[in-house]
Each structure stands twice: as C-alpha cells, then as structure tokens.
Amino acid sequence: MVTRAELGLIGDAELVEELSRLTTQTARMRAQMADIMAELERRRCAKNVHAGARR
C-alpha cells in the first residue's frame, strides 16, 4: 500500500501499477460482496419457505 507521502516520490509506471492492483482488488471485493448478499438472500428466502410450510 502506497502512502500519500510516497505518491510524490514514485514514478508514473509505479502509480499505474498500484492503481491497477487496487482496481483489481476492488473488483474482487465487489464480487465477493455480491456473492455474500446472494447467499444471505437465498437463506432469507429458504427461511420464508420453511416458515410457510409449517403453517
């Protein structure tokens, strides 16, 4: 991770590389968040189905 103080000291290529790394990391995190949200929704729907069957 590059600190703000380091940004002025490193070259353009390194900045682009760091930006690319962070963009990739962000995309992975978003995909993981979507997977978690889908799993939570699946569980919520499954609970509703089971609750309805008990009535």
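It should be emphasised that the depicted structure is a prediction, and the values quoted were computed from it without experimental measurement.

Draft legend 1. Structural view of the overall build of the protein chain. Of regular secondary structure, the protein chain possesses 2 helices and 0 strands. Seen along its three principal axes, the alpha-carbon backbone of the protein chain occupies a region of about 65 × 15 × 10 Å. Residues classed as buried in the protein chain amount to 2% of the 55 residues present. Of the roughly 5,300 Å² of accessible surface on the protein chain, a fraction of 59% belongs to carbon and sulfur atoms. Across the protein chain, the centroid of the 10 positively charged side chains sits 20 Å from that of the 8 negatively charged ones.

Draft legend 2. Structural detail: the pattern of salt bridges. For the coordinates displayed, the defined rule picks out 4 salt bridges. In this structure, Arg21 and Glu18 form a salt bridge, with 2.7 Å as the shortest nitrogen-oxygen distance. One end of the pair, Arg21, and the other, Glu18, are both in helix α2 (residues 12–54), 3 residues apart, so they sit about a helical turn from each other. Of the residues examined, Arg21 reaches a relative accessible area of 38% and is grouped as partly exposed. Residue Glu18 is classed as buried on the basis of its relative accessible area of 16%. One salt bridge connects Glu41 with Arg44, and the closest N-O pair in it is separated by 2.6 Å.

About the cut-offs
- Residues numbered from 1 in each chain as written.
- Predicted model: local features only at pLDDT ≥ 70, side-chain atom pairs only at ≥ 80, totals over all residues.
- Heavy atoms only, no water.
- Helix = DSSP H or I, 4+ residues; strand = E, 2+ residues; numbered from the N terminus.
- Buried < 20%, exposed > 50% of the residue type's maximum accessible area, 1.4 Å probe, protein only.
- Areas by Shrake-Rupley, 256 points an atom, 1.4 Å probe, with all protein chains shown as cover.
- Lys, Arg positive; Asp, Glu negative; His and termini not counted.
- Charge placed at Lys NZ, Arg CZ, Asp CG, Glu CD.
- Salt bridge = Lys/Arg side-chain N within 4 Å of Asp/Glu carboxyl O.

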